[in-house]
Amino acid sequence: MALFKSKEEKAAAKFDKGSDLISQKKFGEALAQLEKSIKKGNASPDVYVLKQMLEMRGDYEDLTVLNSALNIFKKYPDVTVKYGVYDVPVSRLIQECELRIEANSKLQSEESAQKGNDLCQIAGKYLENLGDETLMMEEIFSEEKITGRQYSNFLYARGFEILAESTKWDDPRKAAEYMQSSLHYNQLRNDTERMQKNEDFINGAKVTANCWFCGRQVSGSNIHFVPMPARITEPIAKQTGNGPLPTNDKEHVFACRACFSSINIQDEAYLRIAKRYADEEDAALRSELIGYINDLQRQINNLARK
């Protein structure tokens, strides 16, 4: 029996220790052991895959981390590693990394109709490729049970919501249809906050009114017409409540987007004038005050010399 372990035996011992620490959920210590195993010459696919999994576990939504992990995993597509109680096929990690990179890249991009369509396409990929299978990265890194279908519902809800927001200026009714689809997926997710926002949008998009100021007929509350706070007396209310379409409610008059924006632009112009006047008055007062302070300081200096 050899008195001293070979370099290969030491590397294997460090690897086994790291694997055991993963089972104990001592991930920082496990990573240190795997790094020592590599330094001692361990070049097995398992050690590199496990090391990468440990490095990404706390930040696996980050695109830089995902891309770095994917580069490692793609070197060992046919390997299956033991990660605690899980047998993890690297091919599955590759699949999930690729899908998550695609989803997160799009989620972080600027809002547009194209973004909405792309998110719906990615949602379809999650549903087709993973379906009711639990997402492995969520399960092993966050200890959450999320299926491909559930994540697909999130992407569909977000995609249709963006399509609604992108379409509302040109076609409020079409936008309401998109938001109805978003509502469907948020109902599947039981996301009550998003559901309420969906419903508010849908109900508002269907409303038609006459502009109080120009009389133009417009559809889409808070889209093509805006309720503006107003004091509406009873005689005025009686005179305005007889038409086929409303021009006001008890506390608001309805302004088409053109009239509303015109009023806002004029208000902003007045505000700039008022601010400029206030700044000029402030500068004059400040100059006068500084002059007064300097004059007072000179008088004090003169008295001190006497």
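Residues numbered from 1 in each chain as written. Predicted model: local features only at pLDDT ≥ 70, side-chain atom pairs only at ≥ 80, totals over all residues. Heavy atoms only, no water.

Draft legend 1. Broad picture of the pairing of strand S1 (residues 80-83). Residue alternation in S1 divides its side chains into a buried set, Val81 and Tyr83, and an unburied set, Thr80 and Lys82. With four bridges joining them, S1 and strand S2 (residues 86-89) adopt antiparallel strand pairing. Paired with Tyr83 across the bridge in S2 is Tyr86. Taking the residues that link successive antiparallel strands as the turn, the S1-S2 hairpin has two residues, and the phi of Gly84 there is positive, at about 65 degrees. (Buried < 20%, exposed > 50% of the residue type's maximum accessible area, 1.4 Å probe, protein only. Helix = DSSP H or I, 4+ residues; strand = E, 2+ residues; numbered from the N terminus. Pairing = 2+ DSSP bridges.)

Draft legend 2. Representation of the packing of aromatic side chains. Inspection of every chain in the model, using the stated rule, returns ten aromatic pairs. With centroids separated by 5.6 Å and ring planes inclined at 45 degrees, the aromatic side chains of Tyr60 and Phe141 adopt a geometry described as tilted. On the criterion of sequence distance, the pair formed by Tyr60 in the loop between helix H3 (45-56) and helix H4 (63-73) and Phe141 in helix H7 (residues 136-142) is long-range, its members being 81 residues apart. On the basis of relative accessibility, which here comes to 8%, the residue Tyr60 falls in the buried class. Assessed through its relative accessible area of 5%, Phe141 is described here as buried. With a centroid separation of 5.5 Å and an interplanar angle of 50 degrees, the aromatic rings of Tyr151 and Phe154 are classed as tilted. Placement of the pair is Tyr151 and Phe154 together in helix H8 (residues 148-167), with a separation of three residues, close to one helical turn. The buried category is assigned to Tyr151, whose relative accessible area is 11%. Since its relative accessible area comes to 26%, Phe154 is described here as partly exposed. Through successive ring pairs, a cluster of aromatic residues spans Phe27, Tyr60, Tyr83 and Phe141. For Arg100, the ring lying beneath its charged end belongs to Tyr151, and the centroid distance is 4.6 Å. Stacked on the ring of Tyr178, the Lys or Arg Lys174 has its end atom at 5.1 Å from the ring centre. (Phe/Tyr/Trp six-rings, centres within 6.5 Å; stacked < 30°, edge-to-face > 60°. Lys NZ or Arg CZ within 6 Å of the ring centre and 35° of its normal.)

Draft legend 3. Structural view of H4. Regarding H4, the residues found buried are Leu63, Val65, Leu66, Ala69, Leu70 and Phe73. Down the axis, H4 shows its buried residues gathered within 155 degrees of arc, on one side only. Away from the buried face of H4 by more than 90 degrees, exposed residues Thr64 and Asn71 are located. In the core, the buried residues of H4 are packed alongside H3, helix H5 (90-107) and H7. The N-cap residue of H4 is Asp62: its side-chain oxygen and the backbone nitrogen of Thr64 are 2.9 Å apart. (Arc of directions from axis to C-beta. Contact = heavy atoms within 4.5 Å. Polar contact = N/O pair within 3.5 Å; in protein donor to acceptor, adjacent residues only side chain to side chain.)

Draft legend 4. Inspection of a nonpolar patch on the surface at higher detail. A cluster of nonpolar residues, Leu289, Tyr292, Ile293, Leu296 and Ile300, forms a patch on the protein surface that exposes about 500 Å² of accessible area. Tracing the chain through its elements places Leu289 in helix H12 (residues 257-305). The partly exposed category is assigned to Leu289, whose relative accessible area is 49%. (Patch = residues over 30% accessible without salt bridge, like charges linked within 9 Å, V, L, I, M, F, W, Y side chains within 5 Å. Areas by Shrake-Rupley, 256 points an atom, 1.4 Å probe, with all protein chains shown as cover. Salt bridge = Lys/Arg side-chain N within 4 Å of Asp/Glu carboxyl O.)

Draft legend 5. Representation of the pattern of salt bridges within the structure. With the rule as written, the count across this model stands at 23 salt bridges. Measuring nitrogen to oxygen at the nearest pair gives 3.1 Å for the salt bridge that ties Arg158 to Glu111. In this pair, Arg158 sits in helix H8 while Glu111 sits in the loop between H5 and helix H6 (113-129), placing the two residues 47 residues apart along the sequence. A single network of salt bridges, built from pairs that share partners, joins Glu111, Lys115, Arg158, Glu161 and Arg194.

Draft legend 6. Structural context of the state of the cysteines. Counting across every chain of the model gives zero disulfides. Unpaired in this structure, Cys214 has its nearest cysteine sulfur neighbour in Cys211, at a distance of 3.7 Å. A relative accessible area of 38% means that Cys214 is categorised as partly exposed. (Disulfide = S-S within 2.5 Å.)

Draft legend 7. Focus on the nonpolar core. Of all hydrophobic cores here, the largest spans 34 residues; its most connected members are Met53, Met56, Phe73 and Tyr83. Residue assignment for this core shows that the elements contributing at least two residues are helix H1 (7-23), helix H2 (27-39), H3, H4, S1, H5 and H7. Excluding anything up to four places from it in sequence, Met56 contacts Val65, Leu66, Ala69, Phe73, Cys97, Met137 and Phe141. Of all hydrophobic cores here, the second largest spans 17 residues; its members include Ala103, Leu119, Ala123 and Tyr126. (Core = buried A, V, L, I, M, F, W, Y, C linked by side-chain atoms within 4.5 Å.)

These results come straight from atomic positions and should not be treated as a statement about function.
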